[in-house]
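Chains, contacts and geometry: an overview
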Amino acid sequence: MFGEDLLIGQRKGKIDGKNRIYLPPFTKAEKNDEIALINKIDNKGIPYIQLYLLKKYKEIAERLQKLQENATSVEEYMQYEQKIIDICSYINAILKVDSERRVLIPQDIMAANRWQDRDSLICEGKGNFLVIK
């Protein structure tokens, strides 16, 4: 499953005509894995995306919800609520891996990152997430 082990490695990735990117073998991506896409811009103004296993985000949100249920004040309850909102707001899209280990990058992300004219991208494992730039 994508990202259950450390994501370590680097590989050139291709974008096909339908905006799909092949995930490198070191990701161990499997059909129907759900992946959280976070769109970012580096300090030089260059756009890139980070891909995380969605299951990990869900686990964090569930832990926060349990803590929230045991809150002893309205203030504490609202602090957990804000943390849950913040975590969820980082995710720009949820992707599903197909049988050929590809994910479809949404058109708005492709346009924002100006990737339509690119032949290839770099996929780099950064531990618990994959960077594509």
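Let me begin by describing the structure that accompanies this report. (Residues numbered from 1 in each chain as written. Predicted model: local features only at pLDDT ≥ 70, side-chain atom pairs only at ≥ 80, totals over all residues. Heavy atoms only, no water.)

Another point: the environment of I122. Summarising the element assignment, I122 is placed in strand β7 (residues 120–127). On the basis of relative accessible area, I122 is assigned to the partly exposed category, the value being 28%. Distance from I122 to L51, taken between C-alpha atoms, is 13 Å for residues 71 residues apart in sequence. Apart from the residues lying within four places of it in its own chain, the contact partners of I122 are Q10, R11, K12, V131, I132 and K133. (Helix = DSSP H or I, 4+ residues; strand = E, 2+ residues; numbered from the N terminus. Buried < 20%, exposed > 50% of the residue type's maximum accessible area, 1.4 Å probe, protein only. Contact = heavy atoms within 4.5 Å.)

The 6 strands are arranged β1-β7-β8-β4-β3-β5 in an open sheet whose pairing can be described as antiparallel. Looking at the sheet topology across the chains shown, the edges are occupied by β1 (7–14) and β5 (93–96). With direction set aside, neighbouring strand axes in the sheet form an average angle of 25 degrees. Here strand β3 (residues 34–41) runs beside strand β4 (residues 47–53); their pairing, made up of 7 bridges, is antiparallel. Bridge pairing in β4 places I38 opposite Q50. (Pairing = 2+ DSSP bridges. Axes fitted to C-alpha atoms, helices over the stretch in contact; angles between N-to-C directions.)

This part covers a nonpolar patch on the surface. Taken together, the side chains of V74, Y77 and M78 present a nonpolar region at the surface, about 320 Å² in accessible area. On the secondary structure map, V74 appears in helix α2 (residues 74–90). On the basis of relative accessibility, which here comes to 66%, the residue V74 falls in the exposed class. (Patch = residues over 30% accessible without salt bridge, like charges linked within 9 Å, V, L, I, M, F, W, Y side chains within 5 Å. Areas by Shrake-Rupley, 256 points an atom, 1.4 Å probe, with all protein chains shown as cover. Salt bridge = Lys/Arg side-chain N within 4 Å of Asp/Glu carboxyl O.)

Quick look at the pattern of salt bridges now. Enumeration according to the criterion identifies 8 salt bridges in this entry. Its salt-bridge partner being R102, residue E100 comes within 3.7 Å of it at the nearest N-O pair. Owing to a relative accessible area of 45%, E100 belongs among the partly exposed residues under this scheme. A single salt-bridge network, built from bridges that share partners, covers D16, R20, D98, E100 and R102.

So, on to the environment of Y52. Checked against the element boundaries, Y52 lands in strand β4. Look at Y52 and you get buried, because its relative accessible area is 16%. If we skip the residues at most four places from it in the chain, Y52 touches F2, E34, I35, A36, I38, Y57, N128 and F129. Among the polar contacts made by the side chain of Y52, one reaches the side chain of Q50 at a distance of 3.2 Å. (Polar contact = N/O pair within 3.5 Å; in protein donor to acceptor, adjacent residues only side chain to side chain.)

A word on the nonpolar core. Of all hydrophobic cores here, the largest spans 24 residues; its most connected members are F2, L23, L51, I105, L130 and I132. Per element, the largest residue contribution to this core is 3 residues, and it comes from β4. Counting 12 residues, the second-largest nonpolar core is a separate cluster that includes A36, I38, Y57 and V131. (Core = buried A, V, L, I, M, F, W, Y, C linked by side-chain atoms within 4.5 Å.)

A few words on the environment of K18. The residue K18 is located in the loop between β1 and β2 (20–22) in this model. Given a relative accessible area of 57%, K18 falls into the exposed group. C-alpha separation for the pair K18 and K40, spaced 22 residues apart in sequence, amounts to 22 Å.

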